[in-house]
Amino acid sequence: MTYVFGIALLILAGGVVVLFAMLGQLADRAGVTPSQGSGVRLLEEARVGHVPAAWPAGLAGFGDGPLRIVLVLSTACSSCRTVAGQLADQTDVSDIAVAVSTADAAVGAEFVAANGLSRLPHHVDEGGDWVSGEFGISVSPAALVFRDGMLISALAFTDFTMLRSTVSPTRQRV
Amino acid sequence: MTGSAFALGLIICAIAAVLVSAGLGKLAAPGASREAIAALLRLPEPAAQRAVRLLAVVETLTGVALLVPDLRTAGAVLAGVLGLAFAGAGLLGRARGLATPCGCFGQRDSRPLGLRSVLVGLALAAGALAVLRSGADAAPRTDLLPIGVAGIVVLLAVWIWRDTARELVRPRPTSTANH
């Protein structure tokens, strides 16, 4: 009887694994799809107008400027890897920083190194605590746009070029 | 129940839980493992997909076999072979400098095949050897083993997908509009 009960529990536990794995895969696929217009959409849940209480050491002083963009990339998201690859080919990235959202800081550090992001101001955001706590954003890839240290817009995107055509320091508009 | 028998029960539970979690995770979300196997063995995508499915089924069945007294010896042999294969994959991944996440439990948010895979693989092989040396009938209270495995599987799942779990329990603002 105990054996049958144990097997039933094990089947339920297996169901939990499958559920988490499928949720993880869904999160991995989440983001903006090409069918959604330009592939860039406004994140309504963002705390626009918020000035973060503190900037992480890797991003210290970055927000103080006319227009600055912090890209939120997750190590668990395949489109974030694509965006990171696109960043490696860019030369004009003086207004860009990266917050790498990850469950494990070591995995985040490997993501930064593997994608050549160390040339940019960057912060490994363990658990996504800084980004979600300060700005209410739990979507990636996302772009947080700052002016003089204040969040003025947050966008979900999947293509860096598309994002650039929407937010540009020279066009000064979002 | 002697201490050594209890320890053996724990080893069986741990090996079975790791294998069942890895197998079911890969079956449900094979994408990351497929990319890792394709990069490691330089296989085309369809072949890598078939390899991941086969590996996932073998892992799951091996984990279950460890819980059935008549199949425990075969399960321990397979677990040892899988452990050595994981260690070999870790060495190969490290030698080739793979950056692709291993997706060992189906999650993309994982480290590439490397030193950690070698250590986990060797631990699995050592555990399997301990089970083989003790004999199939040495484990205590075989009827309790599935309960132990179920508990470890759930704990492992919550740890591996802790971001997802955290997101599920995170309080969300409620809407105050339209009253």
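Residues numbered from 1 in each chain as written. Chains lettered and ligands numbered in written order. Predicted model: local features only at pLDDT ≥ 70, side-chain atom pairs only at ≥ 80, totals over all residues.

A. Region of interest: the overall build of chain A. Along chain A, the regular secondary structure elements total five helices and six strands. Taken from the N to the C terminus, the helices and strands of chain A come in the order α-β-β-α-β-α-β-α-β-β-α. Taking all contacts inside chain A whose residues are at least 6 apart in sequence as the whole, residues at least 24 apart take part in 70%. (Helix = DSSP H or I, 4+ residues; strand = E, 2+ residues; numbered from the N terminus. Contact = placed C-beta atoms within 7 Å.)

B. Quick peek at the interface of chain B and chain A. Chain B puts 30 residues into the contact, and the matching count from chain A is 31 residues. When contributions to the side of chain B that touches chain A are tallied by element, the ones reaching two or more residues are α1 (3-28), α6 (145-160) and α7 (162-169) of chain B. With eight residues, α6(B) is the largest single contributor of residues to the side of chain B that touches chain A.

C. Spatial organisation of the nonpolar core. Of all hydrophobic cores here, the largest spans 57 residues; its most connected members are B:Ile12, B:Ile15, B:Ala16, B:Ala17, B:Ala79, B:Val149 and B:Val153. Taken together, the elements giving at least two residues each to this core come down to α1 (2-29) of chain A together with α1, α2 (31-41), α3 (45-65), α4 (72-96), α5 (115-134) and α6 of chain B. In this structure, A:Leu71, A:Ala76, A:Cys80 and A:Trp130 belong to the second largest nonpolar core, which totals 42 residues. (Core = buried A, V, L, I, M, F, W, Y, C linked by C-beta atoms within 7 Å. Buried ≥ 20, exposed ≤ 12 C-beta atoms within 10 Å, placed from the backbone.)

D. Just α6(B), in detail. Residue and element names in this part refer to chain B. Taking 1.5 Å of rise per residue, the 16 residues of α6 would be expected to cover 22 Å, and the 22 Å separating its terminal C-alpha atoms lies within 8% of that figure. Most of α6 sits out of view: twelve of its 16 residues are buried. Residues of α6 that are buried: Leu 145, Pro 146, Ile 147, Gly 148, Val 149, Ala 150, Ile 152, Val 153, Val 154, Leu 156, Ala 157 and Ile 160. (Expected span 1.5 Å × (residues − 1).)

E. Structural view of the sheet that holds strand β4 (residues 122-126) of chain A. All names here are of chain A. Here we have six strands laid out as an open sheet, ordered β1-β6-β5-β2-β3-β4, and mixed in their pairing. Strands with a single pairing partner mark the edges of an open sheet, and in this sheet they are β1 (40-42) and β4. Adjacent strand axes in the sheet meet at a mean angle of 25°, parallel and antiparallel pairs treated alike. (Pairing = 2+ DSSP bridges. Axes fitted to C-alpha atoms, helices over the stretch in contact; angles between N-to-C directions.)

F. Main features of the packing of α4(B) against α5(B). Residues and elements named next belong to chain B. Packing of α4 against α5 brings their axes to within 7 Å, and their N-to-C directions diverge by 160°. It follows that α4 is roughly antiparallel to α5 by the angle criterion. Between α4 and α5 lies a crossing of left-handed hand. (Parallel < 35°, antiparallel > 145°, perpendicular 65-115°, else oblique. Left-handed = near helix turned anticlockwise from the far one by under 90°.)

G. Structural context of the packing of α2(B) against α3(B). Residues and elements named next belong to chain B. Here α2 crosses α3 at 120°, and the two axes come no closer than 8 Å. Crossing of α2 over α3 shows right-handed handedness. Side by side, α2 and α3 meet where Ser 33, Arg 34, Ile 37 and Ala 38 of the first sit next to Glu 45, Ala 48, Gln 49, Ala 51 and Val 52 of the second.

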